[in-house]
Amino acid sequence: MSKHSFQTEVNQLLDLMIHSLYSHREIFLRELISNASDALDKLKFLTVSDDGYKQIAFEPRVEINFDGADRKWLEISDSGIGMNDQDLVENLGTIAKSGTKNFVAKLTGDHKRDSNLIGQFGVGFYSAFMVADEISVISRKAGEEKAWKWSSDGKGEYAIEEASRETFGTTIRLALKDDAKEFANRWTLESTIKKYSNHIPFPIFLNYEQAEHDDKGNETGKTAKRDQIGAATALWKRAKSTIKPEEYQEFYHALSHDSGEPMATIHTHAEGAMEYTTLFFIPAKAPMDLFRADYEGGVKLYVKRVFITDKDKELLPVYLRFVRGVIDSEDLPLNVSREILQQNKILANIKSASVKKILAEITKLAADLEKFAAFSREFGRCVKEGLYQDYANREELLELVRYKSSAVEGFAGFADYKARMKPDQKAIYYISGANEAILRNSPLLESYKAQGIEVLIMDDEIDEFVLGQIADYKGLAIKAINRSGADEDLPQTQSEDAMKAAEPAQEKVKKALGEAVKDVKVSKRLGESAAYLVIDENDPTAQMQQTFKLMGMDNLPEVKPILELNPTHKIIEKIGSLEDESLIADISFILLDQAQLSAGLTIKNPADFGERLSRILERAI
């Protein structure tokens, strides 16, 4: 037996990796199975490319054994290339094969920061020390007769000695810690393997003893069992022409836990400067957690068919969080950095290309009006989020957002709206608020309907935030009709004489309302209603104010509305001739409260409203 000491730098790396790098201990199994798969890959290549290995009977497999009685140990074996004593020193005695001292010199003592530096070193094997007091590795290199044993407790030294193994390959035996005995359990092992390594391209077998019982439930003995756990295939790596629609659906069900069929499937294999495969699904129904702050990402990341993470929300932009699927890269490093997925150029490029593929597929869906209406109902709000999150793809997203309309049933896009515009129309008009029914019955719509001008109905609380970022659509301004100034480019429907005649009423109402409003104006666009509220073009609407409050912004200054008066309405005409200031005040405040109710808002003082209404009714009787 020969004793060896780990380098001081290696001990520092071990401590960092074991105590701060991994957040879930079960991934040690992923690391060891991944290493076994690499060993099988190497031997597979040699058996077809090297004459010295072609006579070897290559029977790839990974075998898992464990101590089911006392739960003291766990073994992972493979029939791969194997290692001799020199390989054990090089592969297990040294974590970083080069530049270790330079790397350690950069360590700061901040585990979180240091873990971001460790990704370049292949130390996945040592993650097993999170669950093991001691590790022994018995390996025999393919084509050689001798086997060797490597052993260590991870505390500074390792030993290498000659051993025996009937066939080539490697067996890793873990002496489990007292708090890690769960990993000598059939169900824990099976679920962990399926979660992390189900798409390793070699069969994974779990060996265990199954108890037998008589008809009274008494145990009569145990039978040795050997179950294949890994699927030994990765569906996304297969050519699309070989995959049946039902296979895609079955994979989608397993991936998403959704019993329905996906709305769209996007399968891409890229080669060239980067090699990667993506398989994405657009669900037919929105996931239940879609609008929760703690939503779970729907995309899994693999590297060379080895599961890396399904928790990273940066694999796709947040607004595409409804997409389910897989990204499998051949170029990302397969080492400890897979637990802490870092921002890197390769993944950024994959992400960018994936977004374009997904948006292209959604654009195809738009050709089917019924299907796209269903998509918009489920995910339209997410697409709107993209308008302020994803500047690079804003033009594509502008073609995909849909809104309700005053002119057509269902949904309308900006392109649809533009195609229906009147020849002399200068802008795209919309009205925003919290209630579709109230918006559709808004007095402000009256003059637009009378002139045959379409108005988009925006009843989603996110709409105003989004349109604050979007000034126009292909040169057309996008204007809210419930803001002052939106009527400037509309044909004037009220005569100059009528507007002039309404000025006395305007002055009296403005004086009566005082600080309750920002201004009182004579409107040129109202039809049958006496008055309506609008907001100054620089102020947040009532809906936006409410959203701010829900976000905890309680100290915002009060935003006062602007009251627009219809100069040809009988009430406004009569106010102009009144001299009783108390009566003018009652009418003015009733008009203001009525306008608030018409806009779907609550009046500030219902008691005052009731008293004023009673006084007006008394005069009318």
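Before reading on, note that the structure itself is shown above.
Described in the following lines is the structure provided in the data block. (Residues numbered from 1 in each chain as written. Predicted model: local features only at pLDDT ≥ 70, side-chain atom pairs only at ≥ 80, totals over all residues. Heavy atoms only, no water.)

## Notes on the sheet that holds strand 8 (residues 204-213)
Here is step 1 of the chain: Within the open sheet, the nine strands sit side by side as 1-6-5-4-7-3-2-8-9. Their pairing is mixed. Both edges of this open sheet fall to strand 1 (2-5) and strand 9 (219-228), since each of them pairs with a single strand only. Each adjacent strand pair in this sheet contributes to an overall mean axis angle of 20°, direction not counted.
Here is step 2 of the chain: Sheet topology places strand 8 next to strand 9; nine bridges connect them, and they run antiparallel. Within the sheet, the bridge partner assigned to Gln 210 lies in strand 9 and is Thr 223.
Here is step 3 of the chain: Along the sheet, helix 3 (residues 85-92) contacts strand 1, strand 4 (132-140), strand 5 (147-152) and strand 6 (157-163); its crossing angle with strand 5, the most-contacted strand, is approximately 30°. (Pairing = 2+ DSSP bridges. Helix = DSSP H or I, 4+ residues; strand = E, 2+ residues; numbered from the N terminus. Axes fitted to C-alpha atoms, helices over the stretch in contact; angles between N-to-C directions. Contact = heavy atoms within 4.5 Å.)

## Digging into the sheet that holds strand 12 (residues 299-303)
Here is step 1 of the chain: In space, the five strands of this open sheet follow the order 10-11-14-12-13, with mixed pairing throughout. Two strands bound the open sheet, and with one partner strand each, they are strand 10 (264-270) and strand 13 (306-309). Across the sheet, the axes of successive neighbouring strands diverge by a mean angle of 20°, strand direction being ignored.
Here is step 2 of the chain: One ladder, built from five bridges, connects strand 12 with strand 14 (residues 324-329); its direction is parallel. Its bridge partner lying in strand 14, Leu 301 is registered against Ile 327.

## Considering a negative patch on the surface
Here is step 1 of the chain: Among the surface-exposed residues, Asp 133, Glu 134, Asp 153 and Glu 157 lie close enough to one another that they form a single negatively charged patch.
Here is step 2 of the chain: Along the chain, Glu 134 turns up in strand 4. (Patch = residues over 30% accessible without salt bridge, like charges linked within 9 Å, V, L, I, M, F, W, Y side chains within 5 Å. Areas by Shrake-Rupley, 256 points an atom, 1.4 Å probe, with all protein chains shown as cover. Salt bridge = Lys/Arg side-chain N within 4 Å of Asp/Glu carboxyl O. Lys, Arg positive; Asp, Glu negative; His and termini not counted. Charge placed at Lys NZ, Arg CZ, Asp CG, Glu CD.)

## Concerning the side chain of Arg 483
Here is step 1 of the chain: Relative to the assigned elements, Arg 483 resides in the loop between strand 19 (476-480) and helix 15 (496-501).
Here is step 2 of the chain: The side chain of Arg 483 is buried and forms no salt bridge, while Glu 464, the nearest opposite charge, is found at 4.1 Å.
Here is step 3 of the chain: For Arg 483, the contacting residues outside a window of four places in its chain are Glu 464, Arg 525, Val 534, Ile 535, Asp 536, Glu 537, Asn 538, Asp 539, Pro 540 and Thr 541. (Buried < 20%, exposed > 50% of the residue type's maximum accessible area, 1.4 Å probe, protein only.)

## Regarding the packing of aromatic side chains
Here is step 1 of the chain: All told, the structure shown has 17 aromatic pairs when counted by the stated rule.
Here is step 2 of the chain: Ring geometry for Phe 372 and Phe 375: centres 5.3 Å apart, planes at 20°, overall stacked. Here Phe 372 and its partner Phe 375 are both found in helix 9 (residues 369-389), three residues apart, which amounts to about one turn of the helix.
Here is step 3 of the chain: For Phe 372, a relative accessible area of 3% translates into the label buried.
Here is step 4 of the chain: Classification of Phe 375 as buried rests on a relative accessible area of 1%.
Here is step 5 of the chain: Here the aromatic rings of Phe 375 and Phe 379 are separated by 5.5 Å at their centres, their planes lie at 55°, and the arrangement is tilted. Here the residue Phe 375 and the residue Phe 379 both occupy positions in helix 9, the gap between them amounting to four residues, near one helical turn. (Phe/Tyr/Trp six-rings, centres within 6.5 Å; stacked < 30°, edge-to-face > 60°.)

## Re the nonpolar core
Here is step 1 of the chain: Formed by 70 residues in total, the largest nonpolar core has its most connected members in Ile 282, Phe 322, Ile 362, Phe 375, Phe 414 and Leu 456.
Here is step 2 of the chain: Examining the composition of this core, we find that seven residues originate from one element, helix 8 (residues 345-365), more than from any other.
Here is step 3 of the chain: Among all residues touching Phe 322, those that are not within four sequence positions of it are Phe 281, Ile 282, Pro 283, Pro 287, Leu 290, Ile 362, Phe 375, Phe 379 and Cys 382.
Here is step 4 of the chain: Of all hydrophobic cores here, the second largest spans 58 residues; its members include Leu 29, Phe 66, Ile 160 and Ile 243. (Core = buried A, V, L, I, M, F, W, Y, C linked by side-chain atoms within 4.5 Å.)

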